[in-house]
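One-letter residues, chain by chain:
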Amino acid sequence: MKAQLDILSAGRIYADLILAGLDADPAPGREVYAKQFVLVPGGGAFITGAYAAALGSRTGLYGLLPAPPFDTCIREGIAAAGLVAHVAPAPAGSDPQLTVAITGTHDRSFITRRPGRALPDGPLPAASHLHVGELATALEQPDLIAQARQAGMSVSLDCGWDAAALADPRVPRIVAEVDLFLPNAEEAAQLAMHGHRLSPRHALVVKRAAEGATAQVDNQDYSVTAPQVSVVDATGAGDAFNAGFVTAWLSGANTQDCLAAGVACGAKAVTRIGGATDLGRLDLRAEPPAKTHDKLH
Ligand SMILES: Nc1ncnc2c1ncn2[C@@H]1O[C@H](COP(=O)(O)OP(=O)(O)OP(=O)(O)O)[C@@H](O)[C@H]1O
Ligand SMILES: [Mg+2]
């Protein structure tokens, strides 16, 4: 019998073209030179999926590949991460879906091309749990979460910064259909600014970078501080956090332990370069323990 997936991680799959070690910050009319270039799979769905697989969950990646030649690095990344591929080629003639990340001397800049739809046509692949990598994808495909529910799947949803998605009046309804909603602090503030009331079925989890993360469950507040680490590259920290929290939640852990697992994965992500390549097998018991505050009011 075919073993069913634990987690199906759905969303936009990007080729990340990262230029680092610049001799000066980019400026109009000037040429600057990079010491390093890497091409790696990116996007929330891939990064959360790769971390979940590294934590031992049988995980599938669901999305459209970037157009050639950028599909090759994604296929290689899927295989290397031990993900089950539920991917389809980009529609003929579409631009490749990619992000160019420029790591300057002070800060990073990103340019993203996001053509067409996020997900393939056809039925949703079977799994125990659906994770959706960004709010915009849930808005673009309004029947996605309903399909997952009908198939008996639990659902988690990351937010991601997308001004139009954050302002969309359908947001409260979508969030009410998911078990776990996981924005970062800026996204949560922007959603509040738009007057959206967020009531996911189980937990509202807010990622707070160096401060750790908080969760609200049944009107009770929980929080975990992040360990002090030296940050090398913050790419994908939030997506790594999702994998820790979701896998712990699926295993029946309590809210504090779910937060601690999320924060441990976030700490792992910020202390390494790049999104989620070469993770190997992750054992959270080997990571430094997070400080917890039980049921803050
Ligand atoms: N400077 C840091 N020191 C320690 N841990 C960190 C740091 N930054 C992020 N983390 C960990 O990673 C988690 C997620 O980071 P963050 O709040 O930046 O998410 P995000 O903004 O969604 O990230 P992403 O860039 O992936 O979208 C945090 O909850 C924390 O556990
Ligand atoms: Mg994020």
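Going along each chain's sequence as written, the residues are numbered from 1 onward. To read the labels, note that chains go from A and ligands from 1, taken in the order they are written. Owing to the predicted nature of the model, reporting of local features is limited to residues with pLDDT of at least 70; listing and counting of side-chain atom pairs is limited to 80 or more, with chain, interface and lining totals taken over all residues. To get the side-chain values, all heavy atoms of the structure are used, and hydrogens and water are removed first.

### Things to note about the overall build of the protein
As a reminder of what qualifies: Here a strand is any run of E in DSSP of at least two residues, a helix any run of H or I of at least four, and the numbering for each starts at the N terminus. Here the radius of gyration uses the C-alpha set of atoms, whereas the globule reference equals 2.2 Å times the residue count to the power 0.38. Exposure categories follow from relative accessible area, calculated using a 1.4 Å probe and restricted to protein chains: below 20% of the type maximum is buried, above 50% is exposed, and the middle band is partly exposed. A positive count includes Lys and Arg, and a negative count includes Asp and Glu. His and the chain ends are not counted in either. Charge positions come from single atoms, namely NZ of Lys, CZ of Arg, CG of Asp or CD of Glu.
Along the backbone of the protein there are 9 helices and 14 strands. The C-alpha atoms of the protein give 18 Å as radius of gyration, which agrees with the globular expectation for 297 residues (19 Å, within 12%). On the principal axes, the C-alpha backbone points of the protein span a range of 55 × 45 × 40 Å. The 297 residues of the protein split such that 52% are buried. Of the side-chain charges in the protein, 23 are positive and 30 negative, and the distance between the mean point of each set is 3 Å.

### Quick word on the site of ligand 1
Let me state the cut-off plainly: The cutoff for a nearby residue is simple: one of its non-hydrogen atoms must lie within 4 Å of the molecule or strand. Counted as a polar contact is a pair of N or O atoms within 3.5 Å, where, for protein atoms, one must be capable of donating a hydrogen and the other of accepting one, and residues adjacent in sequence contribute only when both atoms are in side chains. All accessible-area figures derive from a Shrake-Rupley calculation using a 1.4 Å probe, and residue coverage is judged against the displayed protein chains alone. Following the grouping adopted for this structure description, the nonpolar residues are Ala, Val, Leu, Ile, Met, Phe, Trp, Tyr, Cys and Pro, the charged ones are Asp, Glu, Lys and Arg, and the polar ones are all others, Gly among them.
Around ligand 1, a shell composed of 18 residues is seen, among which Asn184, Ala209, Gly212, Val231 and Gly238 lie nearest. At 3.2 Å from an oxygen atom of ligand 1 is found a main-chain nitrogen or oxygen belonging to Ala237. Here Gly238 contributes a backbone N or O atom positioned 2.9 Å from an oxygen atom of ligand 1. Isolated, ligand 1 exposes 630 Å² of accessible area, and the fraction of that covered by the protein chains is 80%. If you tally residues by element for the shell around ligand 1, the top one is helix 8 (residues 237-250), at 4 residues. Each residue belonging to the shell around ligand 1 can be placed in one class, and the counts come to 10 nonpolar, 5 polar and 3 charged.

### A word on the pattern of salt bridges
The line we're drawing: One speaks of a salt bridge when a side-chain nitrogen belonging to Lys or Arg is within 4 Å of a carboxyl oxygen belonging to Asp or Glu.
Scanning the entire structure with this criterion turns up 7 salt bridges. Residues Arg117 and Asp121 are paired through a salt bridge, measuring 3.4 Å at the closest nitrogen-oxygen approach. Exposure remark for Arg117: the relative accessible area of 42% places this residue in the partly exposed category. The partner of Arg149 in a salt bridge is Asp179, and the shortest N-O contact between them spans 2.7 Å. Pair noted here: Arg149 is in helix 4 (residues 144-150) and Asp179 is in the loop between helix 6 (171-177) and strand 10 (180-182), with a separation of 30 residues, a long-range link. By relative accessible area, which is 24% here, Arg149 ends up partly exposed.

### Points about helix 2 (residues 71-81)
Side chains of residues three or four places apart in an α-helix project in the same direction, reflecting 3.6 residues per turn. Operational definition: The arc in question is the one spanned by the directions pointing from the helix axis to the C-beta atoms. A contact between two residues is defined here by any heavy atoms of the two lying within 4.5 Å.
Along helix 2, the positions that sit buried rather than exposed are Asp71, Cys73, Ile74, Gly77, Ile78 and Ala81. Axial view of helix 2: buried residues confined to an arc of 160°, hence all on one face. Helix 2 presents Glu76, Ala79 and Ala80 as exposed residues on the side facing more than 90 degrees away from its buried surface. Structurally, helix 2 contributes buried residues whose contacts are with strand 2 (14-22), strand 3 (34-42), helix 1 (44-54), strand 4 (59-64) and strand 5 (84-88). A positive phi of about 75° marks Gly82, the residue just after helix 2.

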